[in-house]
Amino acid sequence: MNESAYFQMFKDTNALLEGHFLLTSGKHSSKYLQCAKILQYPNLAETICKDLAKNFAGQEIDVVIGPAIGAITLSYELARQLNCRSVFAEREDGIMKLRRGFKIEEGEKVLVVEDVITTGGSVKEIIEIVKENGGEIVGVAGIVDRSGGKVDLGYPLKTLLTLEIETYEPDDCPLCREGIPIVKPGSRKMK
C-alpha cells in the first residue's frame, strides 16, 4: 500500500481525529491519530505489519519492543511477521521500564516500534532501555511519522505514513486562545 492508501485507512476507521488535543509530548495539536482504532481490526494490523516488516527483510532481529499501551499490538504483530519475540515497556512511577519478567539479553538485535512518532520522546526512552540491557538496535519502525520527517532518533526510521501536522507549545496555542476545550486521548497520563 502507498501513503495515500494508509491515510485513507485512518479516515475509513475514524482514526484521524480533529479538535484540540494534548499530545504525549506536552504540545497541542488540532489533529490526533488514534492508531488503536485501526489496530482493533486484526486484518488491518496484519497488513500494516507486513508492510513494515518488508523494511527489515533479511536483517537479523531477535526481539521487537514498543511502549505500552499504543505499541503493544503493533509490537506483537510485527514480531509475528518477523518470527521473533515481542516485549513491551511500561511506566512505573513515571519511568519507562521492562516489567512482567521481560528481558533483553546482551547482544540481542532489537527493533523498536511505536504507533505514532511526533517528537520521539517515548521511542528515545525505549532506546535507552535497550542500550542499558546490552541490546543492539537495528532500527525504529512506526505507522506514522507526524514530524514530517524531521525527527532524528539516531537510528534508521521506517514508517508507512509521513505527515507534517502542526503542533503548538501550550503557551502559544491558537486553539487555547480560541477557548476550544482540550482533550488528552492517549494512554499516558499528563501532570
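This report concerns the structure included in the present document. (Residues numbered from 1 in each chain as written. Predicted model: local features only at pLDDT ≥ 70, side-chain atom pairs only at ≥ 80, totals over all residues. Heavy atoms only, no water.)

Below, the discussion takes up helix α4 (residues 72–82). An α-helical turn contains 3.6 residues, so any two residues separated by three or four positions project in the same direction. Here α4 has its buried residues at Leu74, Ser75, Glu77, Leu78, Ala79 and Leu82. If you follow the buried residues of α4, they end up packed against α2 (36–39), α3 (42–54), β3 (63–67), β4 (85–92), β6 (109–117) and β7 (136–145). Positive phi appears at Asn83, one or two residues downstream of α4, with a value of about 55 degrees. (Buried < 20%, exposed > 50% of the residue type's maximum accessible area, 1.4 Å probe, protein only. Helix = DSSP H or I, 4+ residues; strand = E, 2+ residues; numbered from the N terminus. Contact = heavy atoms within 4.5 Å.)

This paragraph deals with the environment of Cys84. Turning to its location among the elements, Cys84 is positioned in the loop between α4 and β4. Put simply, Cys84 and Phe21 are 63 residues apart on the chain and 35 Å apart in space, counted from C-alpha to C-alpha.

Inspection of the entire model under this criterion finds 15 salt bridges. One salt bridge in this structure joins Arg85 and Glu108, with 2.7 Å as the shortest N-O distance. On the criterion of sequence distance, the pair formed by Arg85 in strand β4 and Glu108 in the loop between β5 (95–98) and β6 is long-range, its members being 23 residues apart. Using a relative accessible area of 13% as the deciding quantity, one classes Glu108 as buried. Each member of the salt-bridge network shares a partner with another, and the members are Glu90, Glu92, Lys97, Arg99 and Arg100. (Salt bridge = Lys/Arg side-chain N within 4 Å of Asp/Glu carboxyl O.)

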